[in-house]
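# Notes for the structure review
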Amino acid sequence: MQTHEGTNLGGFDPTDPAVIEDPYPFYARYRAIAPVQEGVSPDPRFDRAWFVFGFAAANELLRDRTLKSDPRPFLADGVEDNDPPRLSITDPPDHTRQRQVLTDLFRKSAVQGYRAQIRQMAERLFGELREVERPDLVRGYAFKIPIGTIAALLGLPDSDHASMRDWSEDMMKAFDLGGDLETFQASERAIEKFNEYFRLRVAERLRATDLVEHSLLDRLVAASRSGQISGDEVLAMARFLVIAGFETTMNLIGTGYYELARRPDQLAVVAEDPDGTLAGTVQELLRHISPVQRLMARFSDRDVTISDVTIPAGDPIYIMVGAANRDPAEYQNPDEIHVRRDASRHLAFGFGRHICVGALLARIEAEEALRVLIRCRDLFELDDGEGVLWRRMALTRGLETLPIHWKDAL
Ligand code: HEM
């Protein structure tokens, strides 16, 4: 383990419980030493890893088209690879071919068309919260919007949304680290159920003669009929879309509202002019919260020198989005939230070849979800203190629960 003279810091370890509890003071201390450093690999298949804390270094690496995301060629001989295939760990030419299908589906004009539907869902869910005496804004609202959105876009019936939520949550935990055997087994079961569910749905749609133009699943099926992607890839993509867009967007909505509500001056700015400020507010919240704290590992076939540090070929490189987005060299007073700040260059969705396909959809979901909460903010208050819990995840960051109470019930 590397130690730093004059400090008590060892090599950065993203799975250290103290880091998971609150990573930001750690990011600040490491970033102050150097923007790129060696540390403890969160992936047990590698002996060591490199962490990028600085915004400029992160940006430069993400522009490097020679970096790879598929770890398999870099595993030592005999090390097994059990990772389910997914777009974020695929390299060209497969990545380019598969991603093209999704960029067509998620193009701006199509995604903007979902806004009204998302707004209606947010209104309905808030109405349902009103029926509950002491609701939880995460479970009862932030949790339901992303799953409801992607399930509706995929054309899945309402009655299947609850299972989709449970399986996604169990599977999400497997992408993270530090889970016990029980978590791991629950996630394996969820993957099986998910696969089984989508296998049936995809087979059904492959046989169908009435493919629906606005159903994402049907459009994936159409892409497989035209030979653009395989049947297995349809399955992997459908599953990945649910997982990739679920916890991330839930964190943005639930944690985003929490952070805003704790800064009444900023909340007041948005409340006064939601149409003029919501889009920028969501970008600033993305920067401040970084629902995904670090990107998938990147690898290089040759040594890479960045910020005067040489990373040996084949070592995993982790871009710490949470740290880069709070780099004082890029953002003034980075720990503060300023809803009128231009934060649109943040790295919360990554950058370059693997930049988030669902970025615009997620932003629209958050804008509409926050619009309803901000409009209705006088009806409720956040419960103080211990009810507010953070999820114990190393890859993502967000609230587990956010209890509220109704003011008119007092
Ligand atoms: C606030 C919400 C979200 C955040 C913060 C987020 C973040 C990210 C990040 C950081 C990446 C890049 C990973 C890397 O480079 O290693 C990514 C990729 C991806 N995201 Fe999102 N995401 C969000 C919502 C969504 C939604 C709603 C969808 C779709 C329904 C989605 C689908 C994807 C897909 C398919 C990829 C893989 C792209 C590729 O590898 O080419 N995401 N996301």
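Residues numbered from 1 in each chain as written. Predicted model: local features only at pLDDT ≥ 70, side-chain atom pairs only at ≥ 80, totals over all residues.

## Remarks on the overall build of the protein chain
Definition in use: Helical segments are the DSSP runs of H or I of at least four residues, strand segments are the runs of E of at least two, and each set is numbered from the N terminus. Here exposure depends only on C-beta density: within 10 Å of a residue's C-beta, 20 or more other C-beta atoms make it buried, 12 or fewer make it exposed, and intermediate numbers make it partly exposed, the C-beta atoms being placed from the backbone. We call two residues in contact if the C-beta atoms placed from their backbones are at most 7 Å apart.
Looking only at helices and strands, one finds 16 helices and nine strands in the protein chain. Based on the C-alpha atoms only, the size of the protein chain along its principal axes is roughly 55 × 55 × 40 Å. For the protein chain, with 410 residues in total, the buried portion stands at 42%. Counted over contacts in the protein chain with a minimum sequence separation of 6, partners at least 24 positions apart contribute 69%.

## Focus on the site of the ligand
Counted only if it meets this: Contact assignment follows one rule, namely that a residue is near a molecule or strand if its backbone-placed C-beta atom lies within 6 Å of it.
In the neighbourhood of the ligand, 25 residues make up the surrounding shell, with Gly245, Thr248, Gly350, Cys356 and Gly358 lying closest. Where the shell around the ligand is concerned, the elements lending two or more residues are α4 (94–105), α12 (231–261) and α16 (359–375). Sort the elements by how many residues they give to the shell around the ligand and α12 lands first, with seven residues.

## Details of the packing of helix α8 (residues 144–154) against α12
Axes are the key here: two packed helices are described by the angle between their axes and the distance separating the axes. The following threshold applies: To obtain an axis, a line is fitted to C-alpha atoms, over the contacting stretch when the element is a helix, and the angle between two such axes runs from 0 to 180 degrees between their N-to-C directions. Orientation labels follow simple angle bins: below 35 degrees gives roughly parallel, above 145 gives roughly antiparallel, 65 to 115 gives roughly perpendicular, and whatever is left gives oblique. By convention, the crossing between two helices is left-handed when the near helix turns anticlockwise from the far helix through less than a right angle, and right-handed when the turn is clockwise.
Here α8 crosses α12 at 150°, and the two axes come no closer than 8 Å. Classified by the angle between their axes, α8 and α12 sit roughly antiparallel to one another. In terms of crossing hand, the pair formed by α8 and α12 is right-handed. Counted together, Ile145, Pro146, Ile147, Ile150 and Leu154 of α8 and Ala238, Leu241, Val242, Gly245, Phe246, Thr249, Met250 and Ile253 of α12 form the full contact between these two elements.

## Observations regarding the sheet that holds strand β2 (residues 49–52)
Basically, it comes down to this: Here, strands pair whenever DSSP counts at least two bridges between them.
Taken together, the three strands give an open sheet; going across it, the order is β1-β2-β5, and neighbouring strands pair in mixed fashion. This sheet does not close on itself; its edge strands, each paired only once, are β1 (36–39) and β5 (317–319). Each adjacent strand pair in this sheet contributes to an overall mean axis angle of 30°, direction not counted. Examined bridge by bridge, β1 and β2 share four bridges and lie antiparallel to one another. In the strand pairing of β2, Gly39 is matched with Ala49. Relative to β5, helix α3 (residues 55–63) is tilted by about 120°, and along the sheet it contacts β1, β2 and β5.

## Considerations on the nonpolar core
Proteins that are soluble and globular tend to have nonpolar side chains buried together. Basically, it comes down to this: A set of buried residues qualifies as a nonpolar core if it consists of Ala, Val, Leu, Ile, Met, Phe, Trp, Tyr and Cys joined through C-beta atoms within 7 Å.
In this structure, Val52, Ile319 and Met320 are the most contacted members of the largest nonpolar core, which totals 103 residues. The greatest single-element share of this core, amounting to 15 residues, is contributed by α12. Those residues in contact with Ile319, other than ones at most four positions away along the chain, are Val52, Ala58, Leu61, Leu62, Arg294, Leu295 and Ala324.

## Focus on helix α14 (residues 274–289)
Inspection of α14 places Thr281, Val282, Gln283, Glu284, Leu285, Leu286, Arg287, His288 and Ile289 among the buried residues, and these make up the whole buried set. Where the residues of α14 are buried, they touch α12, α13 (264–272) and α16. Within two residues after α14, Ser290 carries a phi angle of roughly 45°, on the positive side.

## Considering the packing of helix α6 (residues 115–129) against α8
Note the cut-off: Side-chain classes are defined by residue name, with Ala, Val, Leu, Ile, Met, Phe, Trp, Tyr, Cys and Pro counting as nonpolar, Asp, Glu, Lys and Arg as charged, and the others, Gly among them, as polar.
Interhelical geometry of α6 versus α8 gives an angle of 140° and a closest axis separation of 10 Å. With respect to their mutual orientation, α6 and α8 come out oblique. When you trace α6 past α8, the crossing you get is right-handed. Between α6 and α8, the contacting residues are Gln117, Ile118, Met121, Ala122 and Leu125 on the first element and Lys144, Ile145, Gly148, Thr149 and Ala152 on the second. Tallied by class, the residues present in the contact of α6 with α8 amount to six nonpolar, three polar and one charged.

## A few points about the environment of Glu196
Position of Glu196 among the secondary structure elements: in helix α10 (residues 181–207). Counting along the chain gives 44 residues from Glu196 to Ala152, while the straight-line C-alpha distance between them is 19 Å.

## Considering unusual backbone geometry
Residue Pro92 is joined to Pro93 through a cis peptide bond whose omega torsion reads 5°. Considering the arrangement of structural elements, one finds Pro93 in the loop between α3 and α4. Although it is not a glycine, Ser290 sits at a positive phi angle of roughly 45°. With 28 C-beta atoms packed within 10 Å, Ser290 lands in the buried category. Here the phi dihedral of Asp308 falls at roughly 65°; this positive angle occurs in a residue that is not glycine. You can see Asp308 is positioned in the loop between β3 (304–306) and β4 (309–311).

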